[in-house]
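# Residue-level structural notes
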Amino acid sequence: MSEQNTTEQKKLIFSGIQPTGTFTLGNYIGAIRNWKPLQEDYRCIYCVVDEHAITVKIDPAKLRQKTLEAYAQLLACGIDLDKSLLFIQSHVPTHAQLSWVLNCSTQFGELSRMTQFKDKSQRHPDDINAGLFDYPVLMAADILVYNADLVPVGADQMQHLELARTIARRFNGRYGDTFTVPEGYVAPVGAKVMSLQEPTKKMSKSDENPNAVILILDDKDTIIRKCKRAVTDSETEVAFREGKDGINNLLTIYSAVTGKSIEDAVKEFAGQGYGTFKMAVGEAIADHLAPVREEYAKLIADKAYLKECYTRCGAEALRYSQRVLNKVYKKIGFIPSEIR
Ligand code: AMP
Ligand code: TRP
């Protein structure tokens, strides 16, 4: 973070994203893209949460590769390291350290009620590990260890954020004012992107049908092909209304990548068939993502530069979060350690 940013009393944003493969157009429009403009008005701390990723089985070589790729993709999407910090969660041990302390201010019953835990334990019945159960506490620690004011998250993470707020309040009540109680931040332009094949379902990287999902690193031909195959309806009019889930989704995407309103987009395609419309949507997505793809190719080829970036940012995040952790340790009665 620049000197100017750290000295001004700008609010602090923290957000994290799991390194679960190439990001989708849904991750991009719903989350990552909003991280860039926030850098102008807030101090931003962004993190690739590799410790969260091991709550489900993942091959070590794959995790290593995906973590680095996620890091490079976030930089390619416009995270500016003169303004913000972007680092890897496991490099900054204070998150896991605080998470242990917060465990002791979190109730079993609260964690049992988390819908993500219930979903994931149903999907992975052979591996309902304690980390999966405790996932929201590590997420709370990610946020509270920086005393973040605002946390940009998708709707699916709101329950976890609410728990982080409860934990912060409870700790403050028991030990005296320590943590900032963070607010959720829903980006004004955030939109939910649906599957291209089943437009009533969220576009998700775990979808088995590759045609349902656009990845931010897909090339132009692939993007256009996927758009052409997108499921629509048996009508012919490009309009935004109930019952036209496929077209509504394409209009939402078109509006998000061009900055045009849905209304204007509808006018633009009045009287034109679905074929022309789908082609235009594909081209608009590809044009919008082209700079991200180009920048990513440069970054991922320069491992030394990436290492320099995550090391520098991780070191700064560690320094910052250690101050908060020390304060917490003191409040709960741990003897100060001189071990360095
Ligand atoms: P996930 O891929 O579920 O780990 O989500 C990472 C971030 O991307 C979260 O903030 C989600 O809310 C957001 N996200 C994921 N898929 C979509 C989607 N299809 N539309 C909008 N936002 C999404
Ligand atoms: N659980 C979040 C997700 O799956 C990722 C995450 C981890 C996060 N720690 C965070 C998001 C802290 C915001 C703040 O999307």
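Residues numbered from 1 in each chain as written. Chains lettered and ligands numbered in written order. Predicted model: local features only at pLDDT ≥ 70, side-chain atom pairs only at ≥ 80, totals over all residues. Heavy atoms only, no water.

## Digging into the environment of K220
For K220, the position within the fold is in helix α10 (residues 220-228). A relative accessible area of 38% means that K220 is categorised as partly exposed. Between the C-alpha atoms of K220 and A284, which are 64 residues apart in sequence, the distance is 9.8 Å. (Helix = DSSP H or I, 4+ residues; strand = E, 2+ residues; numbered from the N terminus. Buried < 20%, exposed > 50% of the residue type's maximum accessible area, 1.4 Å probe, protein only.)

## Topic: the site of ligand 2
Taken together, 13 residues form the shell around ligand 2, and within it G16, Y135, M139, D142 and Q157 come nearest. Between D142 and ligand 2, the recorded distance is 2.7 Å, taken from a side-chain N or O atom to a nitrogen atom. Here a nitrogen atom of ligand 2 and a side-chain polar atom of Q157 are 2.9 Å apart. Taking 360 Å² as the accessible area of ligand 2 by itself, protein coverage stands at 89%. Looking at the shell around ligand 2, the elements that each hand over two or more residues are β1 (12-17) and α8 (130-144). A total of four residues in the shell around ligand 2 trace back to one element, the largest contributor, which is α8. (Near = heavy atom within 4 Å. Polar contact = N/O pair within 3.5 Å; in protein donor to acceptor, adjacent residues only side chain to side chain. Areas by Shrake-Rupley, 256 points an atom, 1.4 Å probe, with all protein chains shown as cover.)

## A closer look at the nonpolar core
Core analysis: the largest hydrophobic core is formed by 101 residues, its most contacted members being Y71, L98 and I285. The element best represented in this core is helix α13 (residues 274-300), accounting for 11 residues. The two domains that each donate at least three residues to this core are domain 1 (3-190 + 303-332) and domain 2 (210-297). Not counting residues within four places of it along the chain, the set of residues in contact with I285 comprises L25, I214, I223, C227, I253 and V257. (Core = buried A, V, L, I, M, F, W, Y, C linked by side-chain atoms within 4.5 Å. Domains from an automatic or database assignment. Contact = heavy atoms within 4.5 Å.)

## Section: the site of ligand 1
The immediate surroundings of ligand 1 are formed by 13 residues, with G26, N27, D156, V193 and M203 found nearest. Between G26 and ligand 1, the recorded distance is 3.1 Å, taken from a backbone N or O atom to a nitrogen atom. Taking G154, its main chain carries an N or O atom lying 3.4 Å from an oxygen atom of ligand 1. For ligand 1, whose accessible area on its own is 480 Å², the fraction buried by protein is 81%. Residues of the shell around ligand 1, tallied by class, amount to five nonpolar, four polar and four charged. (Nonpolar A, V, L, I, M, F, W, Y, C, P; charged D, E, K, R; others polar.)

## What to know about the domain arrangement of the protein
Parsing the protein into structural domains produces domain 1 (3-190 + 303-332) and domain 2 (210-297). One C-alpha centre belongs to domain 1, the other to domain 2, and the line joining them spans 31 Å. Between domain 1 and domain 2, the residue contacts involve 12 residues of the former and 14 residues of the latter. In total, domain 1 and domain 2 occlude about 1,200 Å² of area from one another, counting both sides; carbon and sulfur atoms represent 76% of this. In terms of surface lost to domain 2, no three residues of domain 1 exceed L25, Y28 and A76, which account for 44% of the buried area on that side. (Buried area = accessible area lost by both parts, 1.4 Å probe.)

## So, helix α2 (residues 25-41)
Over its 17 residues, α2 extends 25 Å from the first C-alpha to the last, a length consistent with the 24 Å expected when each residue adds 1.5 Å. For α2, the principal kink sits at A31 and spans about 35°. By the burial criterion, the buried members of α2 are L25, G26, N27, Y28, I29, I32, R33, N34, W35, L38 and Q39. Capping of α2 at its N-terminal end is provided by T24; its side-chain oxygen lies 3.1 Å from the backbone amide nitrogen of G26. (Expected span 1.5 Å × (residues − 1). Bend = angle between axes of the 7 residues up to and from the residue.)

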